[in-house]
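Take a look at the letters that make up each chain.
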Amino acid sequence: MVTRRRIVATGVGVAAGLATAACSGPTKDQPSNVSWSEPGAAPGSSPTAGGTEITITPAADAKSVAPREQVVVTVANGTLKSVSVTTGSQRVSGSMSDERTWRSAGTLAYGKTYQVAVTAADASGAVVEKTSQFTTLKPASVAKVTFQANALTGLKTGGTYGVGQPVIVAFSKDVKNREVAEKAMEVSTSPAVEGRWRWIDKRTAHWRPAKYWASGTKISVKVDLAGTELGGGVYGSSASTHFTIGPSRIAIADAKTHRMKIYIDGKLVKDMPISMGKGGIVKGDRGQDVNYWTRSGVHVVMTKEQSHRMTSSSYGVTNPNDPNYYDEVIKLCCRITYSGEFVHMADWNIGSQGRANTSHGCINVGPANARWFFDNFQLGDVVDVRNTPRKMALTDGVGGDWTIPWEKW
């Protein structure tokens, strides 16, 4: 191989010879239009590149590049030695499909300038380098993705939840193109189980199987929407999580028997006396209806609090002289609806437990049973309320998901 240093040296020697010959003019063996070229190279070719051509996509100085577009580097008449794609201290991963092609992996970030540096070699081994840069799209609005156990509590990656826990994906912006979003929201389970998405509102999608999860099921969720437009100029983002289903814990609370039976993995382990909503409808301070029936249907434990302040003012009964008024700090509280139904300790109401429904809508239990329930039931566990005239609403807690028949989900 002729090195760069040797090329320069050889060039000087030939030029000197040509200058001497010029003093006496052209000879019959040397025409007057002679020019130097590297031995073995065609006239006019690059002495260092050897015809090697590097192509980088996106093009140099491209603007508003879609983050899902791949960075592709190819070389003709040579082989790739290295490719570096960076923005700041971050490096884009990628791989060579062969010695002449490199492709990036994953999705680029929004609104970043990327630097591309390529090194290749021609057939003789001479090094060829090329650099380029481009800038990715900077959206006016990006919808961030979070995973929730419910609207009050985030889903803990690697956590364990009850058999009634749906998969919940929440966006920070309205999603207009739901079909596009759903295609990029993947739920995988072990063992495999069929499930479906349902949009609860403009920003929240729930995924559930036809029936409660089997204990021990492992669930992985991946949302791959970075670089994808969701409608109205809103672009998506990407995130992933995973969680496990724990033992099957199901409580069946019956308004007629005033009992709550607890089943763990299908076995009856507790039969508690309870008092549920007393029923009836009164007017709140704004003229709204206040209903004191506990809602029938599937509920799911959403939060657990050692103590919680409960007040009738939260739903419109604000007059301290009203017999339905209360403002108390209650202990051992497991929330089962957004509207304020709990399973909680009610030591003041032991006389009614197992005999009559006298609460304002919560499920009252005695001190020992309240402690057992609080210690054993976890987020996602099921409380199935039966035999009241008021029905559980879809949006009043994640348990509402299970009130929708599978064929309508």
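A quick note: this is a predicted structure, and the numbers were derived from the prediction, not measured. (Residues numbered from 1 in each chain as written. Predicted model: local features only at pLDDT ≥ 70, side-chain atom pairs only at ≥ 80, totals over all residues. Heavy atoms only, no water.)

Caption draft 1: Geometry of the sheet that holds strand E6 (residues 94-98). Taken together, four strands build an open sheet; the order of strands is E1-E3-E7-E6 and the sheet is antiparallel. For this open sheet the edge positions go to strand E1 (53-57) and E6, each flanked by a neighbour on one side alone. Taken over all neighbouring pairs, the strand axes of this sheet differ in orientation by 15° on average, direction set aside. Examined bridge by bridge, E1 and strand E3 (residues 72-76) share five bridges and lie antiparallel to one another. Bridging from a neighbouring strand, Thr55 pairs with Thr74 of E3. (Pairing = 2+ DSSP bridges. Helix = DSSP H or I, 4+ residues; strand = E, 2+ residues; numbered from the N terminus. Axes fitted to C-alpha atoms, helices over the stretch in contact; angles between N-to-C directions.)

Caption draft 2: Inspection of unusual backbone geometry at higher detail. The residue after Thr57, namely Pro58, is reached through a cis peptide bond having omega 5°. Within the secondary structure, Pro58 is located in the loop between E1 and strand E2 (62-65). The step from Ser190 to Pro191 runs through a cis peptide bond, and the omega angle for that step is 5°. In this structure, Pro191 sits in the loop between strand E15 (185-190) and strand E16 (195-199). Residue His258 is not a glycine yet carries a positive backbone phi of 60°. Among the residues examined, His258 registers a relative accessible area of 14% and is labelled buried. The phi angle at Asn387 is positive, at roughly 65°, despite the residue not being glycine. Tracing the backbone shows Asn387 in the segment after strand E32 (382-386). Since its relative accessible area comes to 42%, Asn387 is described here as partly exposed. (Buried < 20%, exposed > 50% of the residue type's maximum accessible area, 1.4 Å probe, protein only.)

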